[in-house]
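Here is what each chain is made of, one letter per residue.
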Amino acid sequence: MQADRYNAMARLLHWLIAAMIAINLATGLLHDPLEKLVRLMPFHKALGLTVLALSCVRLGWRLASNAPPALPGMGAAEIAAARGVHVVLYALMIAMPLSGWIMSSASAYPLSWFGVFAVPKLAVAKGSALAGFGHEFHELGGWIMLALVAGHALAALRHHFILRDGVLRRML
């Protein structure tokens, strides 16, 4: 069974980043309605930068280590769909924080990592095409990320509770 599971580092990074993404999706969607109660944006930005750093580590780890083979009985279309979703999720795990960093760099607000240290801003002018692209991408990408994360979670639950094929156990 151990050869059919992802290694411990892959599992740790998966669940750690998954939790951070879930929190960041929630804070991104709820920061406006909750602004009078709590300032979520500094936390959202710092957590996003953490997701960026850990996603780079995760991508490097994934490229350097082998994933378990597809389980018997999985069709070619299902395997292709799973791989496609994973590729897009990896791309968004890096592109979303980068687009947020671009947006933050064009704003007047400081950027810090949980108040521990200042994060340098990128050379992006307020009102520039790059700032506008970063904003639009971040907004649209957030909804795409939400849909993919929900679909990924539902697919894992389908494999676990309906198909009972062990796909989810490989990441536990």
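About the criteria used
Residues numbered from 1 in each chain as written. Predicted model: local features only at pLDDT ≥ 70, side-chain atom pairs only at ≥ 80, totals over all residues. Heavy atoms only, no water. Helix = DSSP H or I, 4+ residues; strand = E, 2+ residues; numbered from the N terminus. Buried < 20%, exposed > 50% of the residue type's maximum accessible area, 1.4 Å probe, protein only. Contact = heavy atoms within 4.5 Å. Areas by Shrake-Rupley, 256 points an atom, 1.4 Å probe, with all protein chains shown as cover. Lys, Arg positive; Asp, Glu negative; His and termini not counted. Charge placed at Lys NZ, Arg CZ, Asp CG, Glu CD. Axes fitted to C-alpha atoms, helices over the stretch in contact; angles between N-to-C directions. Parallel < 35°, antiparallel > 145°, perpendicular 65-115°, else oblique. Left-handed = near helix turned anticlockwise from the far one by under 90°. Nonpolar A, V, L, I, M, F, W, Y, C, P; charged D, E, K, R; others polar. Core = buried A, V, L, I, M, F, W, Y, C linked by side-chain atoms within 4.5 Å. Salt bridge = Lys/Arg side-chain N within 4 Å of Asp/Glu carboxyl O.

Enquirer: Sorry if this is basic, but what is going on with the overall build of the protein chain here?
Expert: Looking only at helices and strands, one finds 4 helices and 2 strands in the protein chain. Beginning at the N terminus, the succession of helices and strands in the protein chain can be written as α-α-α-β-β-α. The principal-axis extent of the C-alpha atoms belonging to the protein chain is close to 55 × 30 × 30 Å. Out of the 172 residues belonging to the protein chain, those deemed buried represent 34%. In the protein chain, the share of contacts with a sequence separation of at least 24, taken over all contacts with a separation of at least 6, comes to 72%. Here the protein chain displays about 10,400 Å² of accessible surface, and carbon together with sulfur accounts for 73% of that area. Side-chain charges of the protein chain comprise 14 positive and 7 negative groups, with the mean position of each set lying 7 Å from the other.

Enquirer: Honestly, the packing of helix α1 (residues 8-34) against helix α4 (residues 129-163) in this entry has me stumped. Any pointers?
Expert: Two numbers describe a pair of packed helices, the interaxial angle and the distance between the axes. Remark: α1 packs on α4, axes separated minimally by 11 Å, with the N-to-C direction vectors making an angle of 135 degrees. Overall, the two elements α1 and α4 adopt an arrangement that is oblique. Handedness of the crossing formed by α1 with α4: left-handed. Where α1 approaches α4, its residues H14, I21, L25 and L29 are matched on the opposing element by G142, W143, M145, L146, V149 and H152. When the residues that make up the contact of α1 with α4 are grouped by side-chain class, the tally is 7 nonpolar, 3 polar and no charged.

Enquirer: Would you take a moment to explain the nonpolar core for this structure?
Expert: Judged by nonpolar contacts, the single largest core of 15 residues is most densely connected at I17, I21, M93 and M145. When near neighbours in sequence (up to four residues on either side) are disregarded, M93 contacts I17, I21, V51, L52, S55, R58 and M145. Membership of the second largest hydrophobic core comes to 6 residues, among which are L49, L52, W101 and V119.

Enquirer: Mind showing me how you'd approach the pattern of salt bridges here?
Expert: Oppositely charged side chains may form a pair once their charged atoms are brought near each other. Applying the stated criterion across every chain, the model contains 1 salt bridge. Here R158 ties to E78 by a salt bridge, and the two come within 3.4 Å at their closest N and O atoms. With R158 in helix α4 and E78 in helix α3 (residues 76-105), this residue pair connects regions lying 80 residues apart in the sequence. We classify R158 as partly exposed; its relative accessible area is 39%.

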